[in-house]
Amino acid sequence: MYERILVPTDGSDIALAATDHAYELAAALGASVHVVYVIDESIERMLLSTQSMRSVLEALREDGEGVLAEAEQRAEEYGIEVTTELTHGTHVHETILEYARDHDVDLVVMGTQGREGLEHLLGSTTERVLMGSSIPVLAVSPEGVIDPSAGSGGNGAA
């Protein structure tokens, strides 16, 4: 059913919960997992100096490396094969979708905060991946797993 599962992560608690969920699925199905950390290069537009930009991007790179190292360590506990990658993109959701296509991923598992109101209208990375994906996307919320076919007008198939 699922042979390659992608987990985009930012190291947040909900992203860790999504990673654990993906690892449990992979262990049960004999699947491999790809964990990707995307450095959002759109931050460059907000920074005025090149030095500030370098400092922020370096901090993000270091954070990403730490998150991916933890993902590898956690994968060992589940006894599953994991591939990690630190990548960059100006549109995080597009970078995630491109990675999924390039690596023939069968399922994307992501955390979501379940935002409401104005934050929901602006959209989240998970929602954008859900709407742009041709493969299933499983959204994990702090309350549990969200059915992507319910609510927010998603097409269900992702």
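Bear in mind the structure is a predicted one, so any value in this text is a computation, not a measurement. (Residues numbered from 1 in each chain as written. Predicted model: local features only at pLDDT ≥ 70, side-chain atom pairs only at ≥ 80, totals over all residues. Heavy atoms only, no water.)

### Quick word on the overall build of the chain
Here is the rule we go by: The numbering of helices and of strands both runs from the N terminus, where a helix is a DSSP run of H or I of at least 4 residues and a strand a run of E of at least 2. For every residue, the accessible area obtained with a 1.4 Å probe (protein chains only) is divided by the maximum for its type, and the residue is called buried under 20%, exposed over 50%, and partly exposed between those limits. For every accessible area listed, the method is Shrake-Rupley and the probe measures 1.4 Å; residues are considered covered only by the protein chains on display.
Helices and strands together make up the secondary structure of the chain, namely five helices and six strands. Ordered by position in the sequence, the α and β elements of the chain form the string β-α-β-α-β-α-β-α-α-β-β. Taken over 158 residues, the chain has a buried fraction of 40%. Total accessible area on the chain stands at roughly 8,600 Å², and carbon and sulfur atoms take up 49% of it.

### Observations concerning the pairing of strand β4 (residues 107–111)
Operational definition: At least two bridges found by DSSP between two strands are what make those strands a pair.
Burial within β4 is extensive, with five of its five residues counted as buried. Across the two faces of β4 the burial is the same, with Leu107, Val109 and Gly111 and Val108 and Met110 all buried. Across four bridges, the pairing between β4 and strand β5 (residues 137–141) is parallel. Bridging from a neighbouring strand, valine 108 pairs with valine 137 of β5.

### Topic: unusual backbone geometry
Positioned with a positive phi, aspartate 104 is a non-glycine residue whose angle comes to about 50 degrees. Here aspartate 104 lies in the loop between α3 (92–102) and β4.

### Observations concerning the environment of glycine 64
Looking at the secondary structure, you find glycine 64 in helix α2 (residues 50–78). A relative accessible area of 0% means that glycine 64 is categorised as buried. Taking the C-alpha atoms as reference points, glycine 64 and isoleucine 39, separated by 25 residues in sequence, lie 7.6 Å from one another.

### A short note on the confidence of the model for the chain
Residues shown with low pLDDT carry predicted positions that ought not to be read at fine detail. This is how the line gets drawn: Confidence of the prediction at every residue is given by pLDDT, a number between 0 and 100. Should any heavy atoms of two residues lie within 4.5 Å, those residues are considered in contact.
Confidence in the prediction of the chain, expressed as mean pLDDT, is 84, and 77% of residues score 70 or more. Note on residues 146–158: pLDDT under 50 across the span, and 22 contacts to partners over four residues away in sequence or across chains.

### Description of the nonpolar core
Keep this limit in mind: Among the buried residues, those of types Ala, Val, Leu, Ile, Met, Phe, Trp, Tyr and Cys that are joined through side-chain atoms within 4.5 Å form a nonpolar core.
Ile5, Val7, Tyr23, Val33, Val35 and Val109 are the most contacted members of the largest nonpolar core, which has 22 residues in total. Looking at this core, the elements that each hand over two or more residues are β1 (4–8), α1 (13–29), β2 (32–40), α2, β4 and β5. Val36, Leu97, Tyr99 and Leu130 belong to the second-largest nonpolar core, a separate cluster that totals 15 residues.

### As for the pattern of salt bridges
Heads up, the condition is: By convention in these notes, a salt bridge is any Lys or Arg side-chain nitrogen within 4 Å of a carboxyl oxygen on Asp or Glu.
Here the structure, examined in full by the defined rule, presents six salt bridges. For arginine 61, the salt bridge goes to glutamate 65, with nearest N and O atoms at 2.3 Å. Separated by four residues within a single helix, arginine 61 and glutamate 65 lie in helix α2, roughly one turn from each other. Accessibility expressed as a relative area gives 27% for arginine 61, which makes it partly exposed. Arginine 74 is paired through a salt bridge with glutamate 70; the nearest N and O atoms lie 3.3 Å apart.

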